[in-house]
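# Fold and contact review
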Protein chains: 2
Amino acid sequence: METKNINLGIFGFGCVGQGLYEVLNRTKGINARIKKICIKDPNKPRPIDMSYFTTDADEILDDPTIDVVVELINETDAAFSIVSKALKNGKAVVSASKRMIAENLPALYQLQVDNKVPFLYEASSCASIPIIRNLEEYYDNDLLNAVEGICNGSTNYILTRIFEDNMSFDEALKKAQELGFAETDPSLDVEGYDPKFKIVILLLHAFGTFVRPEEVFNFGINHLNDFDIQFARQRNSTIKLIGNCRRQNGSVNAYVLPHLVREHNLLYDVYNEYNGVLLESAFTDKQFFVGKGAGGTATGSAVLSDISALLYNYRYEYKKIKQSNQPAFTNDVQLKVYVRYKTPDQVNLTEFYNISEKYESPEYRYVVGTINLQKLKDAAWLKNKEVNLLVLEH
Amino acid sequence: METKNINLGIFGFGCVGQGLYEVLNRTKGINARIKKICIKDPNKPRPIDMSYFTTDADEILDDPTIDVVVELINETDAAFSIVSKALKNGKAVVSASKRMIAENLPALYQLQVDNKVPFLYEASSCASIPIIRNLEEYYDNDLLNAVEGICNGSTNYILTRIFEDNMSFDEALKKAQELGFAETDPSLDVEGYDPKFKIVILLLHAFGTFVRPEEVFNFGINHLNDFDIQFARQRNSTIKLIGNCRRQNGSVNAYVLPHLVREHNLLYDVYNEYNGVLLESAFTDKQFFVGKGAGGTATGSAVLSDISALLYNYRYEYKKIKQSNQPAFTNDVQLKVYVRYKTPDQVNLTEFYNISEKYESPEYRYVVGTINLQKLKDAAWLKNKEVNLLVLEH
C-alpha cells in the first residue's frame, strides 16, 4: 500500500493539458505536482504562470527529479520520440496520443519490457471510459468474443444532431466544432481514422494481437446523405460509427464502419459526445461501458487516473500477448452491407458474395448484400463521394 | 509481471460454485486448480468426482498447500467465520457473500490489514460488472458525486416482465424463480435487502465511509400493485429498484427504493436480469456500466476474475478510507416521492415537508410530496402492504 510523491513533466498544453491542470488542481489526495510543461510556442498567452513553461524537451527528459512524463501533443512523430526517450531514460510515461500509440504499439511494448518502466494510455481510447484497464485487469480469464463500440465523440455528436434534431451533416459538423468536440480539420474523425487507432489499441489489450492501423479498414460518415438517413429511418434505425474487433473461427477481424443500429441495441442510446463500448464474452454475455468520449476535463481525468495508478506502481501486464492462443488478424469475413450510389458504373457489384435487395430511381440506387471485408477495404470505388456504405445489423 | 500457480479451496458448490467450476475448466491461461471443495451435505449427488469434496472446513483452512479460499456459501455467520479463519491463517480469500461482507466490513478490513492478505469480493456487487475494482482503481482521484444503480437481477427481471409483458407481480416472480434468478425465499430480493448490502459495499469503495446495513433504508417492490404501474405508465415512466449513494453538502446518503424512471435515463434500458451502475463525477459527468447481475457463470466469472487478480498480487487499497475527507453518513435528505394508500389512517401526511399532488378515489389515494429520508426509514406506516412508495425522478 505504499505510495510516493511524483513530479510531472508535461508535453503540450492544449485542451487535454489544460483539462489535466484543472483536474489536478481540484483533486485532493493525489501526490503529484507539475514541475515543467514543454510547449512549442513560447509567445502564446497561457492561463498559468510562465515559470512552468519551457520549449526545450530535454529540460524535462533529462531532469532526474521528474518521475513521470505526460505526453499530450498532436504531432505523431514528435510524440513518439518524446515517449521513446522518456522510457529509455527510465521515466514512467502517460500518453493520450492514440495515433502515435496505434502506429507504434510493438515498439512501445518492447520499450517497456527493455527499460522496465510503465507506459499507460487510458485516455487514448474512449477518454473517460476505463476500457483498457478493464480489458487488462478483468477479462484476462474470460473467453472474450468481441469488443464493439462508439469510440469517437465528435462523429457521435454529429450523428446525434442529424437524427435527433434533423440537422444536415454540415450544420452538425459546424456545431460540433463550435463546442470543441471536433478538430478544425475534422477528417481524422469523420473518415473514421481516430476510432480506428483506438480499435487497434483495444485489439491488443483484448486479444493480444498486434495489428498495424493500415491493415484495418475504416470508412467514415462523410459520404452520408439525406437518402441514407431516410433509409435508416425507414428501417427504424439510427446510424452509428462503430469500431469492432471480433474473434471468429480462431482469427480476429476488425474495422470501423457506419452501422445501422436498431433501438434494442445498447449502442443506440449512446448520444452526443458520449462513447460506449460493448464487450461480448462467453460467460458474462454482454457488458457495456458508457462515458464521455470528448472534452478536456473528461480526457484530463483519464490522464490523471493513469498518473494516480503510477503512484501505486500499476503497469499494463499485456497478459494476452504472453498467452499461447492469441488469434491472427484477418479481413477475410463477410459483412452484410447497404451500398448507395448514383450510376451503375460507380460500383462493382460482381464483388458481392450475394445481393438480396436492389433499388433504382433516377436519383439514387442502392443494393443490400454480403461482401468480403477485404474486398471492401480494397475497393477503389468506395472513395467516390457519391457512394456510401452502411453495415446492417447482424 | 511474475505470476504463480495457486491451489484453491472452495466452500459451497451451489449455483455460483458450479458456475466457477465450469468457467475455470473452460479458461486457458490461468494457473489455478481446485484442490478441495467443502460442502454441507455429503450425500447430495454432485456433478464432479467425489474425491474433490469434504465436509470438514479445516481440511481446507489448515492445509498449507491451499493458497486461496473461495467462500460461496449462503449462511452469513458460517461464511464470516470461514473467511476470518482463512485470513488469519494467511490465505487470500475471494467471496461472493454480499450480506456477510456488508455486515462485517470494518472487521474484514481490519483482518486484511492485520494479516497482510488480500480479500476480494467483486462478485458480491453486481455480479459481472467490475464495479468495485473500477471504484478502487479508477475513481480515487476523481470527485465522485454519486453511485446509483440497479443492483439486483431478480427484481429487475420481475419489473421488466411487468412493464414489457404486462405480467402481474406474482406471475413475474414465479417466472424469475423458474429461471433461477430468484431464490425460493425471494424476500431478500423483493424487499430490497440484497441490493442494500451491495450499496453498503459500494459506498465504502466509492467514498471511504463505513456504514452498517441497518442504517440504510430499503423498500422493495413487493407492495407494488396495478394502480402504481398505471401511475408510472401515465407519466411515461417505468419502475426500477434503484440503490443510490450520493455525496451532498459534505455528507453521503444512501438508500434502496423503487424509482419512477423516464426513457432518457440510462437506467431505463437495463432490462431483465442485467444490472446497471451509473457514476456521476465532477470531471467525467456520467459513466455507466451494464452487465449480467445474476446467473451462475456470470457470477462465477467475476469470482474467477478475482482469483486471476490474486495471481498478479492484486489487493484492494481502500485508498479513500485513508484520505482525510471521507464524508459522514446521513439520512437527513429530502426525497420527492409518491405514496399510495387506501384509507387516510394508513399514512401520516404530517411527516411530509410538503405535498404537491393529492388524489382520492373510492379505491386508492395517493400523494406526491417531499419527505425526509430518515422519516421514511422510521415510518411504521410503510410496513402496511396497502401502502406503497415510489421515488420520483429528480
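Note that the structure is predicted; figures quoted are calculated from it, not measured. (Residues numbered from 1 in each chain as written. Chains lettered and ligands numbered in written order. Predicted model: local features only at pLDDT ≥ 70, side-chain atom pairs only at ≥ 80, totals over all residues. Heavy atoms only, no water.)

### As for the packing of aromatic side chains
Residues and elements named next belong to chain A. If you walk through the whole model with that rule in mind, you get 35 aromatic pairs over all chains. Look at Tyr121 and Tyr316: their rings are 4.9 Å apart centre to centre, the planes differ by 80 degrees, and that puts the pair in the edge-to-face class. A residue pair is termed long-range when its members are at least 10 positions apart, and Tyr121 in the loop between strand E6 (119–120) and helix H6 (131–138) and Tyr316 in the loop between helix H12 (296–311) and helix H13 (319–322) qualify at 195 residues. Across the pair, Tyr316 and Tyr121 agree in class, each one buried. (Phe/Tyr/Trp six-rings, centres within 6.5 Å; stacked < 30°, edge-to-face > 60°. Helix = DSSP H or I, 4+ residues; strand = E, 2+ residues; numbered from the N terminus. Buried < 20%, exposed > 50% of the residue type's maximum accessible area, 1.4 Å probe, protein only.)

### Some details on the interface of chain B and chain A
Note: interface size is frequently given as the accessible area lost on complex formation between the parts. Every contact between the two is made by 52 residues of chain B and, on the other side, 52 residues of chain A. Interface of chain B and chain A: buried area, both sides summed, is about 4300 Å²; carbon and sulfur atoms make up 53% of it. Linking chain B with chain A are 2 salt bridges, by the criterion used here. Taken together, the links from chain B to chain A amount to 10 residue pairs in polar contact (both at pLDDT 80 or more). Among the secondary structure elements, those contributing two or more residues to the side of chain B that touches chain A are helix H1 (15–25), helix H6 (131–138), strand E12 (285–292), helix H12 (296–311) and helix H13 (319–322) of chain B. (Contact = heavy atoms within 4.5 Å. Buried area = accessible area lost by both parts, 1.4 Å probe. Salt bridge = Lys/Arg side-chain N within 4 Å of Asp/Glu carboxyl O. Polar contact = N/O pair within 3.5 Å; in protein donor to acceptor, adjacent residues only side chain to side chain.)

### Considerations on the relation of the copies chain B and chain A
Relating one copy of the chain to the other takes a rotation about an axis and a shift parallel to that axis. Mapping chain B onto chain A is achieved by rotating through 180 degrees and translating by 0.0 Å along the same axis, at an RMSD of 0.0 Å. What the rotation and shift describe, once combined, is the action of a two-fold rotation axis. Rotation axis and chain B: the residue whose C-alpha lies nearest the axis is Phe289 of chain B, separated from it by 2.3 Å. Most of the interface of chain B is mirrored in chain A: 100% of its interface residues are interface residues there too. (Least-squares fit on C-alpha atoms with pLDDT ≥ 70 in both.)

### Focus on the nonpolar core
Nonpolar side chains in soluble globular proteins generally cluster together in the buried interior. Ranked by size, the top nonpolar core spans 231 residues in total, and within it Leu8, Val70, Val303 and Ile307 of chain A together with Leu8, Val70 and Ile307 of chain B carry the most contacts. When sequence neighbours within four positions are dropped, the list of residues in contact with Val70 of chain A reads Leu8, Gly9, Ile10, Phe11, Leu20, Val94, Val303 and Ile307 of chain A. (Core = buried A, V, L, I, M, F, W, Y, C linked by side-chain atoms within 4.5 Å.)

### Focus: the sheet that holds strand E4 (residues 68–71) of chain A
Residue and element names in this part refer to chain A. Ordered by their spatial adjacency, 6 strands build an open sheet running E3-E2-E1-E4-E5-E6, and the pairing between neighbours is parallel. Edge strands, defined here as strands with exactly one partner in the open sheet, are strand E3 (53–54) and E6. Here strand E1 (residues 6–11) pairs with strand E2 (residues 32–38) via 6 bridges, running parallel. The residue of E2 that forms the bridge with Ile6 is Ala32. The sheet contacts of helix H3 (residues 76–88) involve E1, E4, strand E5 (92–95) and E6, and relative to E4 the element is tilted by about 170 degrees. (Pairing = 2+ DSSP bridges. Axes fitted to C-alpha atoms, helices over the stretch in contact; angles between N-to-C directions.)

### Thoughts on the domain arrangement of chain A
Examined at the domain level, chain A breaks down into domain 1 (6–128 + 296–317) and domain 2 (331–394). The distance between the C-alpha centroids of domain 1 of chain A and domain 2 of chain A comes to 43 Å. (Domains from an automatic or database assignment.)

### Observations concerning the pairing of strand E7 (residues 144–150) of chain B
All names here are of chain B. Within E7, 6 of the 7 residues are buried, which leaves it mostly tucked inside the rest of the structure. Here E7 pairs with strand E11 (residues 274–281) via 6 bridges, running antiparallel. Bridging from a neighbouring strand, Ile150 pairs with Gly276 of E11. In this structure, E7 lies alongside strand E9 (residues 237–248), joined through 4 bridges in antiparallel fashion. Residue pairing for E9: Glu148 is matched across the bridge by Asn244.

### A short note on the pattern of salt bridges
Residues and elements named next belong to chain A. This structure, assessed with the given rule, holds 42 salt bridges over all chains. Asp306 serves as the salt-bridge partner of Arg133, at 3.1 Å between the closest nitrogen and oxygen. Linking Arg133 in helix H6 with Asp306 in helix H12, this pair joins segments that are 173 residues apart in sequence. Linking Glu273 and Lys292 is a salt bridge whose minimum nitrogen-to-oxygen distance equals 3.8 Å. Separated by 19 residues along the polypeptide, Glu273 in the loop between strand E10 (251–262) and strand E11 (274–281) and Lys292 in strand E12 (residues 285–292) bring together distant segments of the chain.

### A look at the packing of H6 of chain B against helix H10 (residues 193–207) of chain B
Residue and element names in this part refer to chain B. Direction vectors running N to C along H6 and H10 enclose 15 degrees, while the axes themselves pass 8 Å from each other. As the angle between them shows, H6 and H10 are arranged roughly parallel. The handedness of the crossing between H6 and H10 comes out as left-handed. Residues Ile131, Ile132, Leu135 and Glu136 of H6 form the contact with H10, whose own contacting residues are Ile201, Leu202, His205 and Ala206. When grouped by side-chain class, the residues that make up the contact of H6 with H10 number 6 nonpolar, 1 polar and 1 charged. (Parallel < 35°, antiparallel > 145°, perpendicular 65-115°, else oblique. Left-handed = near helix turned anticlockwise from the far one by under 90°. Nonpolar A, V, L, I, M, F, W, Y, C, P; charged D, E, K, R; others polar.)

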